[in-house]
Amino acid sequence: MAEKDYKYEIEIIKLEKPLKIDAKLLEDLKRAKLSRKMIAEMKKEAVNCPVLGTQVPFLQCYNCKNFVRRVKGKVYCRGNPL
């Protein structure tokens, strides 16, 4: 059996209003060739980060070094200290 490359499996939370996101982070994501529509959708999503212990915008999670992948409404996280 293959070894897991993640420690946490986290549900994505859909929000009515987007959480505040750092402008520098948005610029980095735009430079990474993510479409405006995709970024707009992701702004309205959040996750309960097990590393930070708080709810964070999904785009912040997506840009984290612990992010492994996102599949079917779940985020897979390595869980290493930041």
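Further up the page is the structure itself.
Here we summarise the structure given alongside this text. Since the model is a prediction, treat every value here as computed from it, not as a measurement.

Examining the sheet that holds strand β5 (residues 67–71)
Here is step 1 of the chain: Read from one edge of the open sheet, 3 strands run β1-β6-β5, paired in antiparallel fashion. Two strands lie at the open edges of the sheet, namely β1 (8–11) and β5, each paired on one side alone. Looking at each pair of strands side by side, their axes are set apart by 25° on average, direction ignored.
Here is step 2 of the chain: Sheet topology places β1 next to strand β6 (residues 74–77); 4 bridges connect them, and they run antiparallel. Bridging from a neighbouring strand, Y8 pairs with C77 of β6.

Some remarks on the sheet that holds strand β4 (residues 55–57)
Here is step 1 of the chain: Sheet architecture is open: 3 strands sit in the order β2-β3-β4, paired in antiparallel fashion. In the strand order of this sheet, the two ends are held by β2 (13–14) and β4, each with one partner.
Here is step 2 of the chain: Across 3 bridges, strand β3 (residues 45–48) lies against β4 in antiparallel orientation. Looking at β4, one finds that N48 is bridged to Q55.

Rules used throughout
- Residues numbered from 1 in each chain as written.
- Predicted model: local features only at pLDDT ≥ 70, side-chain atom pairs only at ≥ 80, totals over all residues.
- Heavy atoms only, no water.
- Pairing = 2+ DSSP bridges.
- Helix = DSSP H or I, 4+ residues; strand = E, 2+ residues; numbered from the N terminus.
- Axes fitted to C-alpha atoms, helices over the stretch in contact; angles between N-to-C directions.

Everything listed is a geometric property; what it means functionally is a separate question.
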